[in-house]
Amino acid sequence: MSFYVTTPIYYVNAAPHLGHAYTSIAADVLARHHRMRGEETFFLTGVDEHGEPVTLAAAAAGVSPQELVDANAERFRALTGMLELSNDFFIRTTDADHKRLVAEFLQRVYDNGHVYEGFYEGWYCPRCADFKTESEIGPGNSCPIHLIELVRERERTWFFRLSAFQERLERLYAERPDFVMPVHAFNEVRSFVAQGLVDISLTRQALSWGVAVPWAPDHTFYVWFDALLNYVTALGYARPGESLERLWPAQLQLIGKDISKFHAIYWPALLMAGGMEPPCQLFVHGFLLGPDEAKMSKSRGNVLDPFSIIESHGADALRHYLFREVTFGQDGPVSQEGFQARYDAELANEYGNLASRTLNMLGRYCDGRVPAVATDERLRAQFAGLFARVDELLARAEISAALEEIWQHVRRLNRYVEENAPWALARDPAARERLTEVLASLAEGLRAVTVALLPYMPLRTAVLLDALGAGEHTERTFGASGWGRPVSAIAPLFPRSA
Ligand SMILES: [Zn+2]
């Protein structure tokens, strides 16, 4: 059983922002979850470095395109560290191996008869690096995404015979109703295809910053083809012994809805043209919006800055907030105030306080050890389905729903403390047995929710498991651990903000 998950590769021209962090954290939660289940897991992210916008920005900055992408790629690589991503590889499309493998793959597409020469004329958005079809043109010949005027371009090009894949794509969509999730995103893709596919430009003649076309060296491949192919080229050189056969098709490719046309239509067609299987599933996530539900932008002043949150509250707090606040797959607002409220209520109070109380009571009433007694039968019953339910939800990339399931168990433990009032039991010598049962159950419940939270908050959960004497005990069960282990007091996991 293997699990291969990807993020889109991020275009290096933009500065890393919350949107990049969001997709990357989602992929990381899933990768960590599958690794914990013992599956062979590969998590790929990286950057897209070719195309016209890079050459324009480099010219404006008075540097070479390579110098520009070298500097910008580092900012994205740094982001992976700050977010605590467990990616197995960071691909750059200027990697020599990537370029070689792109040329090989597309030569095969050419040899298979899916490419022909012609002229392309149409409305082009230089920021999207995309020719627009009639239905994608905004008022006054503008790009509906960038709100800039489109440019009329005519150039010699090699076309990819996308129209020839209409039927095969429609068959793929019909046979695999979960090929694109959520369903509303899939419906948009299917209705776009139902309008009829036209052949698309595979190469550009005017642009030298890209992968040279082997059969027409004065052309480079259109940046989207070069970028899409990263998902398979990476497996050819990411690490020794890695192979396409072992990991392809990818189980899950996470994308934003602005790039679903490329991933749900062009990408499977391109793979078919090269004799490869399409990925198993694409998951289209929504957008994080400003507090007023408007698109985040510096000019509106509604940007939630991931870097300042990580600096003040740590990566775990950001990771927790994004999936608690907005249901993964939908659009939703986030804000600094919203972050603060959830941090205080859920991390500092519900979870952090539960951890501190539990460790303190074990110290005070049980000589700093988890009592080696059986756990409470009722609590055991309430925790029995937790991991199976989390597995089931995360198998569908329902990252928020799985976190909610875990959080209900955090709340259950807080109620368990109130219901059983260990401090009162401690005053009654006759209740000694019940006290040890309650505290052993609480320790085990805390261990279980913390193990479930590991993929979401890898840093603080590891600290807490160590304090519980359970650093190595990451069994995804309740009540199965051998106890009697010493615990240690720790500083608050999530200190209340000043
Ligand atoms: Zn555009």
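Everything below is about the structure printed above this text.
Residues numbered from 1 in each chain as written. Predicted model: local features only at pLDDT ≥ 70, side-chain atom pairs only at ≥ 80, totals over all residues. Heavy atoms only, no water.

**Things to note about the overall build of the protein chain**
Point 1. Of regular secondary structure, the protein chain possesses 19 helices and 16 strands.
Point 2. Rg of the C-alpha trace for the protein chain: 26 Å, near the compact-globule value of 23 Å for 498 residues, within the 12% margin.
Point 3. Buried residues in the protein chain amount to 58% of all 498 residues.
Point 4. Taking the contacts inside the protein chain whose residues are at least 6 apart along the sequence as the reference set, 76% of them involve residues at least 24 apart.
Point 5. With the model as given, the accessible surface of the protein chain reaches about 20300 Å², and the carbon-plus-sulfur share is 51%. (Helix = DSSP H or I, 4+ residues; strand = E, 2+ residues; numbered from the N terminus. Rg over C-alpha atoms; globule rule 2.2 N^0.38 Å. Buried < 20%, exposed > 50% of the residue type's maximum accessible area, 1.4 Å probe, protein only. Contact = heavy atoms within 4.5 Å. Areas by Shrake-Rupley, 256 points an atom, 1.4 Å probe, with all protein chains shown as cover.)

**Things to note about the sheet that holds strand β11 (residues 212–213)**
Point 1. A sheet is described by the order of its strands in space; here three strands give the open sequence β10-β12-β11, paired in antiparallel fashion. Lying at the two open borders of the sheet, with one neighbouring strand each, are β10 (203–204) and β11. (Pairing = 2+ DSSP bridges.)

**Considerations on helix α11 (residues 306–313)**
Point 1. Among the residues of α11, those classed as buried are P306, I309, I310 and H313. Take α11 and look down its axis: the buried residues cluster within an arc of 100°, on one side only.
Point 2. Buried positions along α11 lie against α1 (18–36), α3 (65–82), α12 (315–325) and α13 (336–365).
Point 3. Count one or two residues on from α11 and you reach G314, which has phi positive near 90°. (Arc of directions from axis to C-beta.)

**Things to note about the nonpolar core**
Point 1. One finds L322, F323, V334, Y351, I399 and Y456 to be the most contacted residues of the largest nonpolar core, which totals 87 residues.
Point 2. Every residue in contact with Y351, bar those within four places of it in the chain, is listed here: E346, W407, V410, L446, V449, T450, L453, M457, T461, L464, L493 and F494.
Point 3. The next biggest cluster of nonpolar side chains, apart from the first, holds 71 residues, and it includes Y4, F42, F160 and W215. (Core = buried A, V, L, I, M, F, W, Y, C linked by side-chain atoms within 4.5 Å.)

**Considering the coordination of the zinc ion**
Point 1. For the zinc ion, every protein donor is listed as C125 (SG), C128 (SG), C143 (SG) and H146 (ND1), and the spread of their distances is 2.0 to 2.3 Å.
Point 2. For the zinc ion, the four donor atoms in the first shell make angles of 100 to 115° at the metal, a pattern classed as tetrahedral.
Point 3. When the donor residues of the zinc ion are listed from N- to C-terminus, their spacing reads C-x2-C-x14-C-x2-H. Taken together, the residues span a long stretch of sequence, with C125 in strand β5 (residues 115–125) and H146 in the loop between β6 (130–132) and β7 (151–160) at a distance of 21 residues.
Point 4. Here C125 falls in the buried class, since its relative accessible area comes to 0%.
Point 5. Residue H146 is classed as partly exposed on the basis of its relative accessible area of 23%. (Donors = N, O, S within 2.8 Å, 3.2 Å for Na, K, Ca; no water. Tetrahedral: all angles 85-135°; square planar, octahedral: opposite > 155°, others 65-115°.)

**Notes on the pairing of strand β1 (residues 2–6)**
Point 1. Summarising burial for β1: five of the five residues are buried, a large majority.
Point 2. Here β1 runs beside strand β3 (residues 40–48); their pairing, made up of five bridges, is parallel. Bridging across to β3, Y4 finds its partner in F42.
Point 3. Bridge count for β1 against strand β13 (residues 252–256) is two bridges, and the pairing is parallel. Bridged to T6 within β13 is Q253.

**Quick notes on unusual backbone geometry**
Point 1. A cis amide bond links M181 with the next residue in sequence, P182, at an omega value of -10°.
Point 2. As for its position among the elements, P182 is in the loop between β8 (180–181) and α6 (183–194).
Point 3. Residue P249 is reached from W248 by a cis peptide bond, and omega for that bond is 5°.
Point 4. Inspection of the secondary structure assignment puts P249 in the loop between α9 (244–247) and β13.
Point 5. In the Ramachandran plot, L147 falls in the positive-phi region, its phi being about 55° despite a non-glycine side chain.

**Observations concerning the sheet that holds strand β9 (residues 200–201)**
Two orientations exist for strands paired in a sheet by backbone hydrogen bonds: parallel and antiparallel.
Point 1. Taken in spatial order, the four strands make up an open sheet running β6-β5-β7-β9, and their pairing is antiparallel. Sheet topology places β6 and β9 at the edges, where each strand pairs with a single neighbour.
Point 2. Pairing between β7 and β9: two bridges, direction antiparallel. Paired with F159 across the bridge in β9 is S201.
Point 3. Contacts from helix α10 (residues 260–273) reach β6, β7 and β9 within the one sheet, and its direction differs from that of β7 by about 30°. (Axes fitted to C-alpha atoms, helices over the stretch in contact; angles between N-to-C directions.)

**Points about the pairing of β7**
For a regular strand, side chains alternate in direction, first toward one face of the sheet and then toward the other.
Point 1. Across ten bridges, β5 lies against β7 in antiparallel orientation. In the sheet register, G118 faces β7, and the bridge partner there is T157.

**Points about the side chain of T220**
Point 1. Positionally, T220 belongs in strand β12 (residues 216–221).
Point 2. Discounting residues that sit within four places of it in the chain, T220 has contacts with L202, T203, R204, L207, S208, G210, V211, A212 and V213.

**Some thoughts on the layout of surface pockets**
Point 1. The space that makes up the second largest pocket amounts to roughly 370 Å³.
Point 2. Around the second largest pocket, the lining is made up of 23 residues, and of these Y120, F131, K132, T133 and V198 lie nearest the centre.
Point 3. Taken together, the elements giving at least two residues each to the lining of the second largest pocket come down to β5, β6 and β9.
Point 4. Here the lining of the second largest pocket takes four residues from β5, the largest share from any one element. (1 Å grid on protein atoms, 1.4 Å probe; cavity = no way out; pocket = protein on both sides within 12 Å on 5 of 7 lines; lining within 4 Å. Points joined across faces, edges and corners; volume = space filled by probe spheres on them.)

**Here we look at the environment of R161**
Point 1. Mapped onto the elements, R161 comes out in the loop between β7 and α5 (166–175).
Point 2. Measuring from C-alpha to C-alpha, the distance between R161 and A269 comes to 9.3 Å, with 108 residues separating the pair along the chain.

**Quick notes on the packing of aromatic side chains**
Point 1. With the rule as written, the count across this model stands at 32 aromatic pairs.
Point 2. Residues Y4 and W248 carry aromatic rings whose centres are separated by 6.2 Å and whose planes lie at 70° to one another, so their mutual orientation is edge-to-face. Here Y4 is found in strand β1, whereas its partner W248 is found in the loop between α9 and β13, with 244 residues between them in sequence. One exposure class covers both Y4 and W248, and it is buried. (Phe/Tyr/Trp six-rings, centres within 6.5 Å; stacked < 30°, edge-to-face > 60°.)

**Observations regarding the pattern of salt bridges**
Point 1. In the structure shown here, the tally under the stated rule is 38 salt bridges.
Point 2. Between R204 and E155 there is a salt bridge; the shortest N-O distance is 3.2 Å. One end of the pair, R204, is in strand β10; the other, E155, is in strand β7, and 49 residues separate them in sequence.
Point 3. Accessibility expressed as a relative area gives 4% for R204, which makes it buried.
Point 4. When its relative accessible area of 8% is taken as the criterion, E155 is described as buried.
Point 5. As a salt-bridge pair, E444 and R447 come within 2.9 Å of each other at their nearest N and O atoms. (Salt bridge = Lys/Arg side-chain N within 4 Å of Asp/Glu carboxyl O.)

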